Amino acid sequence: MTSVRTKITFTYFLISVLIISTLGILFSLEIERYYFDRLLGNLHTETKVLSAILHEGNGGAVQRGEKEKEMNAIALASMMRITLVDSSGTVLYDSSVPDSLLHTLENHGQRPEIVDARKAGTGSNERTSRTISHDLLYVARQIDLVEGPPAVYPNLQFIRVSVELTDVNKIMYEIRFKIVLAAIVVLILVIIASQVIARRLSNPIVEIGDMVKEIKAGNLDQKLPVRSQDEIGRLAALINEMTDRLKSDIEQMKKLERVRTEFLGNVSHELRTPIFSLKGFLETLIDGAIDDKSVNRAFVEKAYHHANRLDGLLTDLIEISRIESGEMKMSFRYFDVSSWSKQLTSDFADIAAKKKQKVVAEVLDREILVLGDKDRLKQAVGNIIDNAIKYSSEGATTVVRLEETEGKISLSVADMGPGIEPEHLPRIFERFYRVDKARSREVGGTGLGLAIVKHIVEAHGSKIVVTSEIGKGTSFSFELKK
């Protein structure tokens, strides 16, 4: 399997080869064209200079010889060939051919540069010379008709200059060689740079792959280093965040599993007690106690009591299950909490009277509107009042009190019970947690009432606060929005 580092390096190399090759070819062609155009321009300039030189002086046989010497010197110094052609194409002078051999030269009237010069005044052409067998660049210029032919060459019609392209080709070869050499150096640098970049890019990916393997194996204690703010850095940070979340989720799952196990154990225990007692009383009745008038009614009443307890437990289990699963929806409305409190305490008056107790409401004598689900709040506060009655002695008074604060109403329920020891206060809202297990079952508690209270109060965006003093009583309070 090809590694990411190799793929990155190969990609960089391939792209670099394509770019450098393209740029090298274009650059080489551009230089060659520039150099050729410059050479062509120089040759055109030379034809003008030669035309001016030939027109200097008054003419005569001696002057012609001097002109030819001058042109020979120019041709030698400029490393170019100078040719003078008349209108018929006959060569009158050639710096590369002695005068004695001029008659052996072909007629130049149909040379491409001469033909173009005859039409447009100037012409150029690149070809191999049949006279000297070298590649040459030719430029021809027609004598200005206004100036006329120079006196030294009365029949002169065209001035032609040419240079061998051997030196030009050699220069272009050197330029191309240097371009290729530079391209090779650049490619080597690109390969080195791509290796460094590939290593920097692939190392974090390799680290991420190794960590994913560790995560797959269950090891969540490692952390990826976040070395940058780019996509790889953000990926590393996300994987670290995912790992932390997985650890939290796993810990939460373990905690939920412990809670579930504990919950099932508590439910089994809580159900077993009333069922066992119920079966015991019913079996006793079946075995003959039903005919014993001295005990049969008492046994039936006890069986009924345990059946009621079992029914209350199942009802609370269903209720807290609905709350925790989100099935129970709150219906928030504004309602008068003063009249609501009075009605609630009135509902518990008979229950309290049976234990020679009182339940009173200390509220403001006016309408106070709060936002909440009054039925669920009735259930929550009712559970607190019910516990207060159960655990308080004869003559005790349970007080439901309303206090107005800025933008909120504080609702509290204070009893005159035995109080709760400080070490128990943090846990009294846990399901099936009992401060006094024996007495709780004796008075008929299910162990779920305060857990339901906590959920309902928190669903109203509030928090329930408990204060207690041993031997003096306990107070539960929370706030509601006005």
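Residues numbered from 1 in each chain as written. Predicted model: local features only at pLDDT ≥ 70, side-chain atom pairs only at ≥ 80, totals over all residues. Heavy atoms only, no water.

Regarding its fold elements, the protein presents 11 helices and 12 strands. Radius of gyration (C-alpha) of the protein: 56 Å, far over the 23 Å computed for a compact globule of 482 residues. Each principal axis of the C-alpha distribution contributes one length, and for the protein these read about 170 × 55 × 35 Å. The contacts in the protein between residues at least 6 apart in sequence include a share of 65% that link residues at least 24 apart. Total accessible area computed for the protein in this model is approximately 28,700 Å², and 57% of it derives from carbon and sulfur atoms. (Helix = DSSP H or I, 4+ residues; strand = E, 2+ residues; numbered from the N terminus. Rg over C-alpha atoms; globule rule 2.2 N^0.38 Å. Contact = heavy atoms within 4.5 Å. Areas by Shrake-Rupley, 256 points an atom, 1.4 Å probe, with all protein chains shown as cover.)

Turning our attention to the environment of Ile179. If you trace the backbone, Ile179 turns up in helix H4 (residues 165-216). For Ile179, a relative accessible area of 16% translates into the label buried. A C-alpha to C-alpha distance of 7.5 Å links Ile179 and Ser28, two positions 151 residues apart in sequence. In contact with Ile179, other than residues within four places in its own chain, are Gly24, Phe27, Ser28 and Ile31. (Buried < 20%, exposed > 50% of the residue type's maximum accessible area, 1.4 Å probe, protein only.)

As a further point, take the pattern of salt bridges. Throughout the structure, instances matching the rule amount to 16 salt bridges. In this structure, the salt-bridge partner of Arg176 is Glu32, at a minimum N-O distance of 2.7 Å. Taken together, the residues span a long stretch of sequence, with Arg176 in helix H4 and Glu32 in helix H1 (residues 4-54) at a distance of 144 residues. Its relative accessible area of 35% is what places Arg176 among the partly exposed residues. A salt bridge links Arg427 to Glu430, with the shortest nitrogen-to-oxygen separation between them at 3.0 Å. Connected through salt bridges with shared partners, the residues Glu113, Arg127 and Arg160 form a single ionic network. (Salt bridge = Lys/Arg side-chain N within 4 Å of Asp/Glu carboxyl O.)

This part takes up the nonpolar core. One finds Val337 and Ile385 to be the most contacted residues of the largest nonpolar core, which totals 41 residues. With sequence-adjacent residues up to four places away left out, Val337 is seen in contact with Ile368, Val370, Leu402, Ile409 and Leu411. Counting 28 residues, the second-largest nonpolar core is a separate cluster that includes Leu43, Tyr93, Val152 and Met172. (Core = buried A, V, L, I, M, F, W, Y, C linked by side-chain atoms within 4.5 Å.)

A cluster of nonpolar side chains, Tyr173, Phe177, Val180, Leu181, Ile184, Val185, Ile188, Leu189, Ile192 and Val196, forms an exposed patch at the surface whose accessible area comes to about 960 Å². Within the fold, Ile192 resides in helix H4. Judged by its relative accessible area of 49%, Ile192 falls in the partly exposed class. (Patch = residues over 30% accessible without salt bridge, like charges linked within 9 Å, V, L, I, M, F, W, Y side chains within 5 Å.)

On to unusual backbone geometry. Backbone geometry at Met79 places phi at a positive 50°, although glycine is not the residue there. By secondary structure assignment, the location of Met79 is in the loop between helix H2 (61-78) and strand E1 (81-86). Looking at Met79, the relative accessible area reads 59%, which means it is exposed. Phi at Lys356 takes a positive value of approximately 55°, unusual for a residue other than glycine. Secondary-structure assignment places Lys356 in the loop between helix H8 (349-354) and strand E7 (358-362).

Residues that lie three or four places apart on an α-helix share one face, since the helix turns once every 3.6 residues. In this model, helix H6 (residues 296-325) (30 residues) spans 43 Å end to end at C-alpha, consistent with the 44 Å of a helix rising 1.5 Å per residue. Residues of H6 that are buried include every one of Asn296, Phe299, Ala303, His306, Arg309, Leu310, Leu313, Asp316, Leu317, Glu319, Ile320 and Ile323, and no others. Within two residues after H6, Gly326 carries a phi angle of roughly 85°, on the positive side. (Expected span 1.5 Å × (residues − 1).)

Moving on to the side chain of Ser392. Relative to the assigned elements, Ser392 resides in the loop between helix H9 (374-391) and strand E9 (397-405). A polar contact of 3.5 Å, which involves the side chain of Ser392, links it to the backbone nitrogen of Gly417. (Polar contact = N/O pair within 3.5 Å; in protein donor to acceptor, adjacent residues only side chain to side chain.)

Before going further, it helps to examine helix H7 (residues 337-347). Looking only at H7, the buried set comprises Val337, Ser338, Trp340, Ser341, Leu344 and Thr345. Along H7, the residues classed as buried sweep out an arc of 160° about the axis, all on the same side. For H7, the capping residue at the N-terminal end is Asp336, with a side-chain oxygen 3.1 Å from the backbone nitrogen of Ser338. (Arc of directions from axis to C-beta.)

Among the secondary structure elements, Val206 is positioned in helix H4. Judged by its relative accessible area of 47%, Val206 falls in the partly exposed class.

Looking now at the side chain of Glu113. One can find Glu113 in helix H3 (residues 112-120). A polar atom in the side chain of Glu113 sits 2.9 Å from the side chain of Arg160. Among all residues touching Glu113, those that are not within four sequence positions of it are Gly123, Ser124, Asn125, Arg127, Tyr138, Ala140 and Arg160.

Attention now moves to the pairing of strand E8 (residues 369-372). The alternating pattern of E8 places Val370 and Gly372 on a buried face, while none of Leu369 and Leu371, on the opposite face, is buried. Sheet topology places strand E6 (residues 333-336) next to E8; four bridges connect them, and they run antiparallel. Bridge assignment links Tyr334 to a residue of E8, and that residue is Leu371. (Pairing = 2+ DSSP bridges.)

Below, the discussion takes up the sheet that holds strand E2 (residues 91-94). Adjacent strands of a sheet form backbone hydrogen bonds with each other and so pair up, either parallel or antiparallel. Here five strands make up an open sheet; going across it, the order is E2-E1-E5-E4-E3 and the pairing antiparallel. The open sheet is flanked by E2 and strand E3 (122-128), the only strands paired with a single partner. The sheet shows a mean angle of 20° between the axes of neighbouring strands, taken without regard to direction. The pairing of E3 with strand E4 (residues 135-142) spans seven bridges and is antiparallel. Looking at the pairing, Arg127 lines up with Leu136 of E4. Across the sheet, H3 touches E1, E3, E4 and strand E5 (156-164), and the angle it forms with E3 is around 170°. (Axes fitted to C-alpha atoms, helices over the stretch in contact; angles between N-to-C directions.)

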